[in-house]
Amino acid sequence: MSGEYALSSSELTKVLSDIEIAQRATLTPIEEVASKLGLTPEDLECHGRYKAKIQFEAIARARTRPRGKLILVTAMTPTPAGEGKTTLSIGLAQALSHLGKRACVAIREPSLGPVFGVKGGAAGGGYSQVVPMEDINLHFTGDIHAITTAHNLLVAMIDNQIHQGNLLAIDPRTITIKRCLDVCDRALRHCVVGLGGPIHGVPRETGFEITAASEVMAVHMLAKDIPDLKKRLGAMLVAYTYGGHPVTASQIGAVGAMAAVLRDALKPNLVQTLEGTPAFVHSGPFGNVAAGCSSVTATILGLHLSDYLVTEAGFGSDLGAEKFIHIKCRSLGIQPDAVVVAATIRALKMHGGLALQDLDQPSAERVAAGMENLLHHVSIMRSFGLPV
């Protein structure tokens, strides 16, 4: 049963690390987790015992059901100390489950860049985690790899179109899309491709971006189904002609191939929290370049299969939450029913003027000074007429 941990008597007083907690958890088979939302084994495309994708037919069927309440978790201005939006979102969903409510949580898929960088994974922390944590933080069900492939396929087709005669008259200096990979590699941010002679293409300056910053990732997050995915992919601006006219992915002829690569990646991923609460972990656009929230398809499922869907928006309320409301909610025609603004004493102290290395020191004065930042974010959410 989920929520049970194999702890020896000597470990009862030990503060366990996130990975120790996750590895000691006894997970519930994913079919049982899905049944809490009214999903059957036929609705699932299982990836092992504890991960599954939801079939498109189940998504279409869910749309016909009444929708539950949407709870948005945002935060005050983030600091290097972290404000814990994901941990709070997971914990809130678990708390609602404890109260006997049919609840679930929807969060983003972690990017391998931050996982292996300063920020670390994005599966929550402590006893508020989604599991299997290692799988979710690494390759998971392959969605990010598929997005990387679809993105790079488009760029390769642009370069090939220029190499094969450039019938669209693309000006190589105006190509707006770079290649991508899910790694933080600063040496590839700016580079030159096409070197080595005529058979290797047309030389031009370009670079790489991280996959979570790809426009394909943003499209993946917003697409409601395959036709919508194709429409959004086709509208992507990729370059300009020598005459200054825009060139789209549709004109390059890349849409069909990209959609084929992304077909399975569009299906939401179902996992569980440490206590067995259903969790959708799907899509992962960065909030500073896109909407910074989990997918529309996961939101549709969570809203129509539960009483309460808890979800989060990246960065502070002035960035992620505003984008969530202006972009994602507008595309779905809904509004959050309630907003939770995450704040920590450490963040309040830092915004009150205390240095990062001194945040462990008590300082009521700095906490009081930092309240100005928190109250500003509360006021932003209230400006949308939302209960905070």
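Placed above this text is the structure.
All values reported here derive from a predicted model rather than from experimental measurement.

We now examine the overall build of the protein. Scanning the protein from terminus to terminus reveals 15 helices and 16 strands. On C-alpha atoms alone, the protein measures out to a radius of gyration of 22 Å, which is about the 21 Å that the 2.2 N^0.38 rule sets for 388 residues. With respect to the principal axes defined by its C-alpha atoms, the protein has extents near 70 × 55 × 45 Å. A fraction of 70% describes how many contacts in the protein between residues 6 or more apart in sequence connect residues 24 or more apart. Of the roughly 17,100 Å² of accessible surface on the protein, a fraction of 56% belongs to carbon and sulfur atoms.

To continue, consider the side chain of Asp 159. Along the chain, Asp 159 falls in helix α7 (residues 143-163). Here the side chain of Asp 159 touches Arg 204 through a polar contact of 2.7 Å, side chain to side chain. If we skip the residues at most four places from it in the chain, Asp 159 touches Arg 179 and Arg 204.

Now for the packing of helix α12 (residues 296-305) against helix α13 (residues 317-332). The description of two packed helices rests on the angle between their axes and on the distance between the axes. Remark: α12 packs on α13, axes separated minimally by 11 Å, with the N-to-C direction vectors making an angle of 60°. Between α12 and α13, the angle falls in the class oblique. Here the hand of the crossing between α12 and α13 comes out right-handed. Contacts between α12 and α13 involve Val 296, Thr 299 and Ile 300 on the former and, on the latter, Lys 328, Ser 331 and Leu 332. Residue composition of the contact of α12 with α13, by class: three nonpolar, two polar and one charged.

Those residues of helix α11 (residues 255-262) lying buried are Val 255, Met 258, Ala 259 and Leu 262. Buried positions in α11, seen along its axis, are confined to an arc of 100° and lie on one side of it.

A few words now on the side chain of Gln 129. Considering the arrangement of structural elements, one finds Gln 129 in strand β6 (residues 128-131). What makes Gln 129 buried here is its relative accessible area of 0%. A polar contact of 2.8 Å, which involves the side chain of Gln 129, links it to the backbone oxygen of Gly 126. Contacts of Gln 129, omitting those with residues within four sequence positions, involve Asp 18, Ile 21, Ala 22, Ile 90, Ala 123, Gly 124, Gln 272, Thr 273 and Leu 274.

Here we come to the environment of His 190. Secondary-structure assignment places His 190 in the loop between β7 (179-181) and β8 (191-193). The exposed category is assigned to His 190, whose relative accessible area is 65%. Distance in space between the C-alpha atoms of His 190 and Thr 206 is 5.9 Å, their sequence separation being 16 residues. Residues contacting His 190, with those up to four places away along its chain left out, are Lys 178, Thr 206 and Gly 207.

Attention now moves to unusual backbone geometry. Here the bond from Val 131 into Pro 132 is cis, since omega is 5°, no more than 30 degrees from zero. Relative to the elements of secondary structure, Pro 132 occurs in the loop between β6 and α6 (133-137). Positioned with a positive phi, Phe 140 is a non-glycine residue whose angle comes to about 50°. With respect to the secondary-structure elements, Phe 140 resides in the loop between α6 and α7. The phi angle at Phe 315 is positive, at roughly 60°, despite the residue not being glycine. Along the chain, the position of Phe 315 falls in the loop between β15 (308-312) and α13.

This part is about the state of the cysteines. Evaluation of the coordinates by the stated rule reveals zero disulfides. Cys 104 forms no disulfide, and the closest cysteine sulfur to it belongs to Cys 293, at a distance of 15 Å. In this structure Cys 293 is a free cysteine whose sulfur lies 8.1 Å from that of Cys 329, the closest cysteine sulfur available.

This next bit is on the pairing of β15. Within β15, four of the five residues are buried, which leaves the element mostly enclosed by the surrounding structure. Bridging between strand β3 (residues 69-75) and β15 involves five bridges; their strand directions are parallel. Note on β15: the bridge partner recorded for Leu 72 is Thr 311.

Let us now look at the environment of Gly 196. Mapped onto the secondary structure, Gly 196 falls in the loop between β8 and β9 (204-206). You can call Gly 196 exposed: its relative accessible area is 62%.

Calculation criteria
Residues numbered from 1 in each chain as written. Predicted model: local features only at pLDDT ≥ 70, side-chain atom pairs only at ≥ 80, totals over all residues. Heavy atoms only, no water. Helix = DSSP H or I, 4+ residues; strand = E, 2+ residues; numbered from the N terminus. Rg over C-alpha atoms; globule rule 2.2 N^0.38 Å. Contact = heavy atoms within 4.5 Å. Areas by Shrake-Rupley, 256 points an atom, 1.4 Å probe, with all protein chains shown as cover. Polar contact = N/O pair within 3.5 Å; in protein donor to acceptor, adjacent residues only side chain to side chain. Axes fitted to C-alpha atoms, helices over the stretch in contact; angles between N-to-C directions. Parallel < 35°, antiparallel > 145°, perpendicular 65-115°, else oblique. Left-handed = near helix turned anticlockwise from the far one by under 90°. Nonpolar A, V, L, I, M, F, W, Y, C, P; charged D, E, K, R; others polar. Buried < 20%, exposed > 50% of the residue type's maximum accessible area, 1.4 Å probe, protein only. Arc of directions from axis to C-beta. Disulfide = S-S within 2.5 Å. Pairing = 2+ DSSP bridges.

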